[in-house]
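Coordinate analysis (summary)
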Amino acid sequence: MAIKALVWGENVHEHVNKIVGDNYPKGMHERIAEQLREDKNIVATTATLQEPEHGLTEAKLKDTDVLLWWGHRAHGDVQDAMVERVAQRVWEGMGLIVLHSGHFSKIFKRLMGSPCALNWREAGERERLWVVNPGHPIAKGLGQYFELEMEEMYGEPFTVPEPLETVFISWFQGGEVFRSGLTYRRGNGNIFYFRPGHETYPTYHDANVGKVLRNAVNWAYNPNAEVININSAPNRPIDKVLEPITERGPHLHKPGEEGFR
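Residues numbered from 1 in each chain as written. Predicted model: local features only at pLDDT ≥ 70, side-chain atom pairs only at ≥ 80, totals over all residues. Heavy atoms only, no water.

A look at the overall build of the protein
Test applied: Here a helix means four or more residues in a row that DSSP labels H or I, a strand means two or more in a row labelled E, and each is numbered from the N terminus. Contacts are assigned to residue pairs with any non-hydrogen atoms lying within 4.5 Å of each other. Areas reported here follow the Shrake-Rupley algorithm with a probe of radius 1.4 Å; residue values treat only the protein chains shown as occluding. His is not counted here, nor are the chain ends, while Lys and Arg score as positive and Asp and Glu score as negative. Here the site of a charge means atom NZ of a Lys, CZ of an Arg, CG of an Asp or CD of a Glu.
Along its length, the protein carries seven helices and nine strands. A principal-axis box enclosing the C-alpha atoms of the protein has dimensions of 70 × 40 × 35 Å. Pairs at least 24 apart in sequence give 71% of the contacts found in the protein among residues at least 6 apart. Accessible surface computed for the protein: about 13,000 Å², of which carbon and sulfur atoms make up 52%. Separation of charge centres in the protein, based on 29 positive and 35 negative side chains, amounts to 3 Å.

Take a look at the structure:
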């Protein structure tokens, strides 16, 4: 069964900056989707900030296996209700891949529970991404490292929670290093943060970047995820227990009554 990937793009810089528009005439979101479509097992569609509900309707998200998120200039324009909707789907089992400046997006901060801050410099530096976890599925088909001739520098400290796994570490010409490929799990959802992708550079035309994105979608997909109400905290009645027990002692709630969990 094909993996349904939804590429969400802010779709702002492409219309206000000629360099970005020339790099991505169809939009960054569509270029990312094109990279994903090179894998015949991935069906990639797109959504943008400007659409009703930012293109993140309940029906669309329910039909999405993996969501990719690129944002930068308009983080604050994303409605909080949509952020909570996406978070709910991640908890239920939808994969999430956060790209580049998406580290400061509402959804990434929501799921990380931390500032997600870093150092940065826009100087067209060479970035060398070292594959520090070569056996990881996201690194499949890559060598010891790959390079991007021009990228924005991100530097440590990166104020995110300790990841489950670090797949890539980047080195930049100015000397900084950065944990540029990190995995997390929230509820039933797999999350991958991937650093490269500054809009004024042709990063999403790079073959190795495309390979990482396709690998990441395949990794983030959870075929065993079940759509359940994970916010529910039901009071299990005594008559439903597996082994018979006798109710005793004081309690706040009657058996089966919903409480304050």
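Section: the side chain of Thr 48
Secondary-structure assignment places Thr 48 in strand β2 (residues 42-48). When residues no more than four places from it in sequence are discounted, the contact partners of Thr 48 are Trp 8, Gly 9, Asn 11, His 29, His 54 and Gly 55.

A look at the pairing of strand β8 (residues 177-186)
What counts is decided by this rule: Residue exposure (1.4 Å probe, protein chains only): buried if accessible area is under 20% of the type maximum, exposed if over 50%, otherwise partly exposed. Here, a strand pair is defined by DSSP locating no fewer than two bridges between the strands.
Counting buried positions along β8 yields seven of ten residues, so the element is predominantly enclosed. By the bridge criterion, six bridges tie strand β7 (residues 165-172) to β8 in an arrangement that is antiparallel. Residue Thr 166 lies in a different strand from β8, and its bridge partner there is Leu 182. In this structure, the hairpin formed by β7 and β8 is closed by a connection of four residues, where Gly 175 is found at a positive phi of approximately 110°. Judged from the six bridges that link them, β8 and strand β9 (residues 189-194) form a sheet pairing that is antiparallel. The partner of Gly 181 across the bridge, within β9, is Phe 194. Remark: two residues form the turn of the hairpin made by β8 and β9, two consecutive strands paired antiparallel; Gly 187 in that turn has positive phi of roughly 60°.

Digging into the pairing of strand β5 (residues 119-131)
In this sheet, strand β6 (residues 145-155) lies alongside β5 in antiparallel orientation, the contact comprising eight bridges. When the bridges of β6 are listed, Trp 120 appears paired with Tyr 154. Relative to β7, β5 runs antiparallel, the two sharing five bridges. The residue of β7 that forms the bridge with Trp 130 is Ile 169.

So, the nonpolar core
General note: in soluble globular proteins, nonpolar side chains tend to be found buried as a group. Threshold: Buried Ala, Val, Leu, Ile, Met, Phe, Trp, Tyr and Cys residues form a nonpolar core when they are joined through side-chain atoms within 4.5 Å.
In this structure, Leu 56, Leu 67, Trp 69, Val 86, Leu 96, Phe 108 and Leu 111 are the most contacted members of the largest nonpolar core, which totals 36 residues. Contributions of two or more residues to this core are made by β1 (3-9), β3 (66-70), α5 (80-92), β4 (95-99), α6 (106-112), β6, β8 and β9. Discounting chain neighbours no more than four positions away, the residues touching Trp 69 are Trp 8, Leu 56, Val 78, Val 86, Leu 96, Ile 97, Val 98, Leu 99, Ser 105 and Ile 107. Among the nonpolar cores identified, the runner-up in size contains 35 residues, and Ala 139, Phe 168, Val 212 and Trp 219 belong to it.

Considerations on unusual backbone geometry
For residues besides glycine, phi is generally negative; the peptide bonds are generally trans as well. The step from Glu 156 to Pro 157 runs through a cis peptide bond, and the omega angle for that step is 5°. With respect to the helices and strands, Pro 157 occurs in the loop between β6 and β7. Its identity as a non-glycine residue notwithstanding, Glu 53 has a phi of 55°, on the positive side. On the basis of relative accessibility, which here comes to 35%, the residue Glu 53 falls in the partly exposed class. You will see that Cys 116, though not glycine, has its phi angle at about 55°, which is positive. With respect to the element layout, Cys 116 can be found in the loop between α6 and β5. On the basis of relative accessibility, which here comes to 0%, the residue Cys 116 falls in the buried class.

Examining helix α7 (residues 207-220)
Owing to its 3.6 residues per turn, the α-helix aligns residues three or four sequence positions apart on the same side. Short version of the rule: Under the convention used throughout, the expected extent of a helix is 1.5 Å for every residue step, that is, one less than its residue count.
Between its terminal C-alpha atoms α7 stretches 20 Å, which fits the 20 Å expected from 14 residues at 1.5 Å a residue. Extensive coverage of α7 is indicated by the burial of ten of its 14 residues. For α7, the set of buried residues is Val 209, Gly 210, Val 212, Leu 213, Arg 214, Asn 215, Ala 216, Val 217, Trp 219 and Ala 220.

Notes on the sheet that holds β1
Quick note on the threshold: Only the contacting stretch of a helix is used when fitting its axis, a line to C-alpha atoms as for every element, and angles between N-to-C directions run 0 to 180 degrees.
With mixed pairing, the nine strands of this open sheet are ordered in space as β2-β1-β3-β4-β9-β8-β7-β5-β6. Each end of this open sheet is capped by a strand with a single partner; those strands are β2 and β6. Geometrically, the sheet is characterised by an average inter-axis angle of 25° between neighbouring strands, direction not taken into account. As judged from the seven bridges shared by β1 and β2, these two strands associate in the parallel manner. Within β2, the position partnered with Ile 3 by the bridge is Ile 42.

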